[in-house]
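Listed below are the residues making up each chain.
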Protein chains: 2
Amino acid sequence: MAPHSTATEDLAATALENKIAQQPSRPSNGSSTLAALDASKLTYTLADPSARAVPDDATAFSGNETICTDHMVTAVWHASTGWAAPELKPYGPLTLMPTASVLHYATECFEGLKAYRGYDGKLRLFRPNLNANRMLMSTLRISLPGFDPAELERLILALMEVDGPKWLPRDQPGRFLYLRPAIIGTQPQLGVQAPREALLFITASFMPKMDAPAGGMKLHTNPEDMIRAWVGGFGYAKVGANYGPSLLATNEARQRGFGQILWLYGPENYCTEAGASNFFVVWRTQDGKRQLVTAPLDDKLILDGVTRRSVVQLARERLGEELEVVERKYTIDEVIEADKEGRLIEAFAAGTAFFICPVSQIRHRDHDIHFPMVKGESGQYTSMIKGWMTDIMYGKEQHPWGVVVNERQ
Amino acid sequence: MAPHSTATEDLAATALENKIAQQPSRPSNGSSTLAALDASKLTYTLADPSARAVPDDATAFSGNETICTDHMVTAVWHASTGWAAPELKPYGPLTLMPTASVLHYATECFEGLKAYRGYDGKLRLFRPNLNANRMLMSTLRISLPGFDPAELERLILALMEVDGPKWLPRDQPGRFLYLRPAIIGTQPQLGVQAPREALLFITASFMPKMDAPAGGMKLHTNPEDMIRAWVGGFGYAKVGANYGPSLLATNEARQRGFGQILWLYGPENYCTEAGASNFFVVWRTQDGKRQLVTAPLDDKLILDGVTRRSVVQLARERLGEELEVVERKYTIDEVIEADKEGRLIEAFAAGTAFFICPVSQIRHRDHDIHFPMVKGESGQYTSMIKGWMTDIMYGKEQHPWGVVVNERQ
């Protein structure tokens, strides 16, 4: 920040944008004494590949523990030296002091993306640059270190280059692994301050398919006294602080047979997110136009989802006049009104974990909204958009969004 | 929850209150198969007391690492079995899987209190029951396991019974240690869900005195696009999610020479907290009455601070007619108006870490408010209240708020 700056506005959003723009690219040009994150320095310590077998799905999803692949990538950061050389090494526990920042002050952020074994035998990530860019925004929002997003993307690819062939066998197309990059504040010092030590780690793990629950996903609106995010808060960042506090309402909803909370906002009850996913409604307007509606990004309440962004782009490109795509604030009362007037067509949640998951019901206070399910499954547009994205992910359609991993043989 | 319950209101605040009321007392009466947290089961594995020397203050505060005492207390919780027997054991690192809930979803909460070596040679905690009660509220708010607060209080005392004599020598009255109980979600499973495994740990550490910065504490109001907490959020709970997101604005303020953010709320710009402390102003009303004003608890925006509560109680009991104590919403404009009219008397931040810390300045946008400092130090009421509390903490006044630790010889 310029020393002569006095405008209060610089303190927050503008400052964050400046920081994002200031991230160094690799290689460090010598003007800074702090080492940048550099994927070309990645060291490899390989696990014994025979030590662990790849479990079948039943085994992988039976316990209370996520099964990860043989390796993980880690990189240590210190405020005084910058990023140390990243390491690819056997998956295993982390050691943290009880005073580590992350355990007290939620100095943590993460990303979620998947690696897909294609029907052409190739292994792909889906738009990983978007995840890397978002992780940079999240890490700076939570006062953790920045990096060049292209380096993070290279590290993610490096992990899959090593673990892809074994954990997503070429002869089993249609399978995926879940990739989880995360950064945590590790400095072992109590006190509310930005950590001077941090750890980036990337794991690859099994995750069940969650995009087609029997009968569709059922949503319950949040109780009036429990709100996910706020204008001026951090709802747009993928920081831990958005998740833990949401569990209480989610658990109560689950005890009533609902899968996720539909988070409303403000006295107007604007629809924002469904659980930790973005939310879309397809309806007919009162003058008969078909619309795909979702909450906007500009008030920074919701996550700029990669799936959300892709849905919006594909629907605009491929459905054109047939289905108008609208990003705007809309209220639960508008949805209820459309339901009463028979104008609701479909609804779905969109995110990496749930992919594109049809929504069959919303309960808001004493009111139930039901969405038509075709043969108990997705509606037409939900199926169509999901199909296009699946084809890109699994290589049935060659598309620049599908980034091929150069796997080790 | 009763199966016939349908009121949405049950989902959140009411449900939380019910859960707090339902915590079992020790011993478990057999009606539940889950073990309750039970301090009487504490096992002791003692460190070699000669292995580590007690550092002097210069050494203790010179590095980027918090120095803890010889021991810590830990207790493991599983959803299927409840709380295992707590352990007192040598202080050391924790081992977590990279998929541990706390590292991704901020499933974490903590408390902060101090142990004071009194001028009568006794070691005291200050109202530890309030910290234990608040920790129960926080843990349930963040979907971590509950416990009987009296058991947590016993575990805190047990740690100081062992480490007090060495780390707060009887011949050095006026010293203190900082106690940090925390609970974290440890289940190694990705996915936004309440963790089925958790860890309670309690450490005791050195913390510098922060209640008398040269020239007083300087506050900068938050930028308009960054707020700390919101109605319907979790600002009242001591969960990590309230801290990490606040660091960005705090760092920017520090670069401008301010110590903490004065967090305002809403279009009215209500004053809420100063940094991670409660905030008090002493002023004269327009009709000449002296008032001690602080934000109220009822909208659940701010932490129900133990120091805050004690200040309010002592001022009411001991200053009576001289100084009216008012818990109400008040705006920064009211403070500015009082300043312009020469009605401001004093201001201070109150919390365990900063204790009672005089505030000398508030910058709000382009406006500076200065509070009179007496000889560069606290104002009269700040000094008086601080003196009363210090006397209770260090045993100069015998008072039920000072809970004596029965130290091992």
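Along each chain, the written sequence defines residue order, and numbers are assigned to residues from 1. Key to labels: chains lettered from A, ligands numbered from 1, both in the order written. The predicted nature of this model means local features are confined to residues of pLDDT at least 70 and side-chain atom pairs, given and counted, to a pLDDT of 80 or more, with totals for whole chains, interfaces and linings taken over all residues. The basis for every side-chain value is the complete set of non-hydrogen atoms in the structure, without hydrogens or water.

**Q** So, the pattern of salt bridges: which residues are in play, and what are the values?
**A** In what follows, salt bridge is the name for a side-chain nitrogen of Lys or Arg lying within 4 Å of a carboxyl oxygen of Asp or Glu. Per the counting criterion, the structure on display carries 38 salt bridges over all chains. Residue arginine 328 of chain B is joined to glutamate 334 of chain B by a salt bridge in which the shortest nitrogen-to-oxygen separation is 2.9 Å. One connected set of salt bridges, linked through shared partners, spans Arg52, Asp70 and Lys166 of chain A.

**Q** Quick one: what's the story with the confidence of the model for chain A, residue by residue and with numbers?
**A** Residue and element names in this part refer to chain A. On a range of 0 to 100, pLDDT expresses the predictor's confidence in each residue. Looking at chain A as a whole, its pLDDT mean stands at 93, while 94% of the residues score no less than 70. In this model, residues 1-10 is a region of pLDDT below 50 whose contacts with residues beyond four sequence positions or in other chains number 15 contacts. Predicted as a complex, the structure gets a pTM of 0.95 and an ipTM equal to 0.95. Only heavy atoms enter the contact rule, under which two residues are in contact if any of them lie within 4.5 Å.

**Q** So what about the interface of chain A and chain B? Which residues, and what values?
**A** Contacts between chain A and chain B engage 87 residues on the former and 86 residues on the latter. In this assembly, chain A packs against chain B so that about 7300 Å² is buried in total across both faces, 60% of it on carbon and sulfur atoms. Across the contact surface, chain A and chain B share 0 salt bridges. Elements are defined by DSSP. Helices are runs of H or I of four residues or more, strands are runs of E of two residues or more, and each kind is numbered from the N terminus. For the side of chain A that touches chain B, the leading source of residues is helix α6 (residues 247-255) of chain A, giving 8 residues. Here the quantity called buried area is the accessible surface, traced with a 1.4 Å probe, that two parts lose on coming together, added over both.

**Q** Just give me the short version of the nonpolar core, but keep the residues and values in it.
**A** Buried Ala, Val, Leu, Ile, Met, Phe, Trp, Tyr and Cys residues form a nonpolar core when they are joined through side-chain atoms within 4.5 Å. Residue burial is assigned from relative accessible area. The probe radius is 1.4 Å, only protein chains are included, and a residue is buried under 20% of its type maximum, exposed over 50%, and partly exposed in between. Counting 122 residues, the largest nonpolar core has Leu125, Met160 and Leu200 of chain A together with Leu125, Met160 and Leu200 of chain B as its most contacted members. Discounting chain neighbours no more than four positions away, the residues touching leucine 200 of chain B are Leu37, Val73, Thr74, Ala75, Trp83, Met135, Leu152, Leu155, Ala182 and Ile183 of chain B. Leu319 and Leu323 of chain A together with Cys68 and Met393 of chain B belong to the second largest nonpolar core, which has 92 residues in total.

**Q** I'd love a proper account of helix α6 (residues 247-255) of chain B, names of residues and values included.
**A** In an α-helix, one turn spans 3.6 residues; hence positions three or four apart end up facing the same way. Buried residues of α6 of chain B: Leu247, Leu248, Ala249, Thr250, Glu252 and Ala253 of chain B, and no others. Of the residues one or two after α6 of chain B, glycine 257 of chain B is the one with positive phi, at around 90°.

**Q** Provide a residue-level description of the relation of the copies chain A and chain B, including the pertinent values.
**A** For the match of chain A to chain B, the screw axis carries a shift of 0.0 Å, the RMSD comes to 0.0 Å, and the turn is 180°. Within this description, the copies of the chain are treated as partners about a two-fold rotation axis. Comparing interface residues between copies, 98% of those in chain A also lie at the interface in chain B; the contact surface is shared. Least-squares fitting of one copy onto the other uses the C-alpha atoms of those residues that reach a pLDDT of at least 70 in both copies.

**Q** Give me the lowdown on helix α9 (residues 380-393) of chain A, citing residues and values where you can.
**A** All names here are of chain A. Here α9 is 14 residues long and its end C-alpha atoms lie 20 Å apart, about the 20 Å a rise of 1.5 Å per residue gives. Buried within α9 we find Tyr381, Thr382, Ile385, Lys386, Trp388, Met389, Ile392 and Met393. Down the axis of α9, the buried set is contained in an arc of 155°. They therefore lie on one face. Phi turns positive, to about 75°, at glycine 395, one or two residues after α9. Multiplying 1.5 Å by the residue count of a helix minus one yields the expected span of that helix. By arc we mean the arc of the directions from the helix axis to the C-beta atoms, nothing more.

**Q** Residues and numbers for the environment of tyrosine 330 of chain A, please.
**A** Residues and elements named next belong to chain A. Relative to the helices and strands, tyrosine 330 is located in the loop between β16 (324-327) and α8 (332-340). On the accessibility criterion, tyrosine 330 (0% relative accessible area) is buried. When the C-alpha atoms of tyrosine 330 and threonine 59 are compared, they prove to be 43 Å apart, with 271 residues separating the residues in sequence.

**Q** Give a description of the pairing of strand β11 (residues 217-221) of chain A that names residues and reports values.
**A** Residue and element names in this part refer to chain A. Among the 5 residues in β11, 4 count as buried, and that is most of the element. Note on pairing: two strands pair once DSSP finds at least 2 bridges between them. Of the strand pairs in this sheet, β11 and strand β12 (residues 260-265) are connected by 3 bridges, and their pairing is parallel. By the bridge assignment, leucine 219 is partnered in β12 with glutamine 260. Crossover handedness is defined by viewing with both strands directed away from the observer: a clockwise path from the first strand over the helix to the second marks the crossover as right-handed. Handedness of the crossover joining β11 and β12 through α6: right-handed.

**Q** Quick rundown of the packing of helix α4 (residues 128-141) of chain B against helix α5 (residues 149-167) of chain B? Include the residues and the values.
**A** Residues and elements named next belong to chain B. Following both chains from N to C, one finds α4 and α5 inclined at 125°, their axes separated by 8 Å at the closest point. As the angle between them shows, α4 and α5 are arranged oblique. In this structure, α4 crosses over α5, and the sense of that crossing is right-handed. Within the contact between the two elements, α4 uses Pro128, Asn129, Ala132, Asn133, Met135 and Leu136 and α5 uses Pro149, Leu152 and Glu153. Interaxial angles span 0 to 180 degrees and are taken between N-to-C directions of axes, which are lines fitted to C-alpha atoms, for helices over the stretch in contact. Here roughly perpendicular refers to angles of 65 to 115 degrees, roughly parallel to angles under 35, roughly antiparallel to angles over 145, and oblique to all remaining angles. Each crossing gets its hand from how the near helix is turned against the far one by less than a right angle, where anticlockwise is left-handed and clockwise is right-handed.

**Q** Please provide a residue-by-residue account of the packing of aromatic side chains, values included.
**A** Note on aromatic pairs: the rings of Phe, Tyr and Trp (six-membered ring only in Trp) are paired at centre separations within 6.5 Å, and the planes decide the class, stacked below 30 degrees, edge-to-face beyond 60, tilted for the rest. What the rule picks out here adds up to 25 aromatic pairs over all chains. Considering the side-chain rings of phenylalanine 126 of chain B and tryptophan 401 of chain B, the 5.8 Å spacing of their centres and the 85° angle between planes classify their relative orientation as edge-to-face. On the criterion of sequence distance, the pair formed by phenylalanine 126 of chain B in strand β8 (residues 123-126) and tryptophan 401 of chain B in the loop between α9 (380-393) and β20 (402-404) is long-range, its members being 275 residues apart. Ring centres 4.9 Å apart and planes at 10° place the aromatic pair phenylalanine 280 of chain B and phenylalanine 348 of chain B in the stacked group. With phenylalanine 280 of chain B in strand β14 (residues 277-284) and phenylalanine 348 of chain B in strand β17 (residues 344-351), the pair connects residues that are 68 residues apart, well separated along the chain. Here a set of aromatic residues connected by ring pairs shows up, and it is made of Trp230, Phe234 and Tyr265 of chain A together with Trp230, Phe234 and Tyr265 of chain B. Think of it as a cone above the ring: NZ of Lys or CZ of Arg counts as a charge over the ring if it is within 6 Å of the ring centre and within 35 degrees of the ring normal. The aromatic ring of tyrosine 44 of chain A is capped on one face by arginine 408 of chain A, whose charged end is 4.4 Å from the ring centroid. When the ring centre of tryptophan 401 of chain B is taken as origin, the NZ or CZ atom of arginine 127 of chain B, which lies over that ring, is 3.8 Å away.

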